[in-house]
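In case you want the letters, here they are:
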Amino acid sequence: MRTQIYDHRSGLKVVPNDIVADVKNIIWNINPALSKKTVSSLKESVRERLEKEGWTGEYRLDATSRITISSYLRGVGLCFQTGNVGRIYADLLKLQTLYTKGNIIAGIILVPQIKTAKELGSNMANYERLIRELPIFSQVITMPLVVIGFNGTEAE
């Protein structure tokens, strides 16, 4: 799969280069047939590959809650979103909370580009919408963030 990167609040300067490269490589090396039925296998493939690279499984925001992000490694929180567009705002809040508490130094959001999102389902979170709307929330989402959009087809 092809990737595209957006840098919010100097995320690319804060997230170590090897972490960004590893996440890009993980998504580059997955080539599933994309459809509504393949979302769970895509998520499972990414989770397995992240864990092989040293990332945790789900990472809790707080010991008293079941609220989690997808993964954590060396001070970087990661959310992998392949659900409804409304869930991307929850991911932003979760990462911002971890950042504000000092649990992470930056975040990564891995999300499909619009063409791939449409292949995976309807009204799904997508890279283009997220990067268009992030500047609107720049006074609220203050953490350094790297958004990685992935496309299951050749770059256009």
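Structure: see above.
Here goes a summary of the coordinates provided.

Reading guide: rules and limits
- Residues numbered from 1 in each chain as written.
- Predicted model: local features only at pLDDT ≥ 70, side-chain atom pairs only at ≥ 80, totals over all residues.
- Heavy atoms only, no water.
- Helix = DSSP H or I, 4+ residues; strand = E, 2+ residues; numbered from the N terminus.
- Expected span 1.5 Å × (residues − 1).
- Buried < 20%, exposed > 50% of the residue type's maximum accessible area, 1.4 Å probe, protein only.
- Arc of directions from axis to C-beta.
- Core = buried A, V, L, I, M, F, W, Y, C linked by side-chain atoms within 4.5 Å.
- Contact = heavy atoms within 4.5 Å.
- Phe/Tyr/Trp six-rings, centres within 6.5 Å; stacked < 30°, edge-to-face > 60°.
- 1 Å grid on protein atoms, 1.4 Å probe; cavity = no way out; pocket = protein on both sides within 12 Å on 5 of 7 lines; lining within 4 Å.
- Points joined across faces, edges and corners; volume = space filled by probe spheres on them.
- Nonpolar A, V, L, I, M, F, W, Y, C, P; charged D, E, K, R; others polar.

1. Overview of helix 4 (residues 87-101)
- Taking 1.5 Å per residue as the helical rise, helix 4 with its 15 residues ought to reach 21 Å, and the 21 Å between its terminal C-alpha atoms agrees with that figure.
- Remark: G102 follows helix 4 within two positions and exhibits a positive phi of approximately 85 degrees.

2. Looking at helix 2 (residues 17-28)
- Counted at 1.5 Å a residue, the expected span for helix 2 with its 12 residues is 16 Å, and the 16 Å between its end C-alpha atoms agrees.
- All of the buried residues in helix 2 are I19, V20, V23, I26 and I27. The buried residues of helix 2 occupy an angular sector of 125 degrees when the element is viewed end-on, so they sit on one face.

3. Observations regarding the nonpolar core
- Among the nonpolar cores identified, the biggest contains 25 residues, and V15, V23, V46, W55, I108 and L110 are the most heavily contacted of them.
- Those elements giving two or more residues to this core turn out to be helix 2, helix 3 (39-52), strand 5 (76-80), strand 6 (106-112), helix 5 (114-120) and strand 7 (145-151).
- In this view, L110 contacts V23, I27, V46, C79, F80, Q81, I148 and F150; residues no more than four positions away in its chain are not counted.
- Membership of the second largest hydrophobic core comes to 18 residues, among which are C79, I141, L145 and V147.

4. Thoughts on the packing of aromatic side chains
- Counting across every chain of the model gives 3 aromatic pairs.
- Centre to centre, the rings of Y59 and Y72 are 4.5 Å apart; their planes meet at 10 degrees, and the pair counts as stacked. Here the residue Y59 occupies a position in strand 2 (residues 59-60), and Y72 occupies one in strand 4 (residues 71-73), the gap between them amounting to 13 residues.
- Note on F80 and F150: the rings are 5.8 Å apart at their centroids and 45 degrees apart in plane angle, and the pair reads as tilted. Taken as a pair, F80 in strand 5 and F150 in strand 7 lie far apart in primary sequence, 70 residues in all.
- By relative accessible area, F80 is classed as buried at 8%.

5. What about the layout of surface pockets?
- Quantified by volume, the largest pocket comes out at close to 350 Å³.
- Residue lining of the largest pocket: 18 residues in total, with K43, E58, I69, S70 and F80 positioned closest to the centre.
- When contributions to the lining of the largest pocket are tallied by element, the ones reaching two or more residues are helix 3, strand 3 (68-69), strand 5 and helix 4.
- With 5 residues, the top contributor of residues to the lining of the largest pocket is helix 3.
- Class assignment for the residues of the lining of the largest pocket results in 5 nonpolar, 6 polar and 7 charged.

6. Thoughts on unusual backbone geometry
- Even without a glycine there, the phi angle at R9 is positive, about 55 degrees.
- The topology assignment puts R9 in the loop between strand 1 (2-8) and helix 1 (11-14).
- You will see that S10, though not glycine, has its phi angle at about 65 degrees, which is positive.
- Topologically, S10 is positioned in the loop between strand 1 and helix 1.

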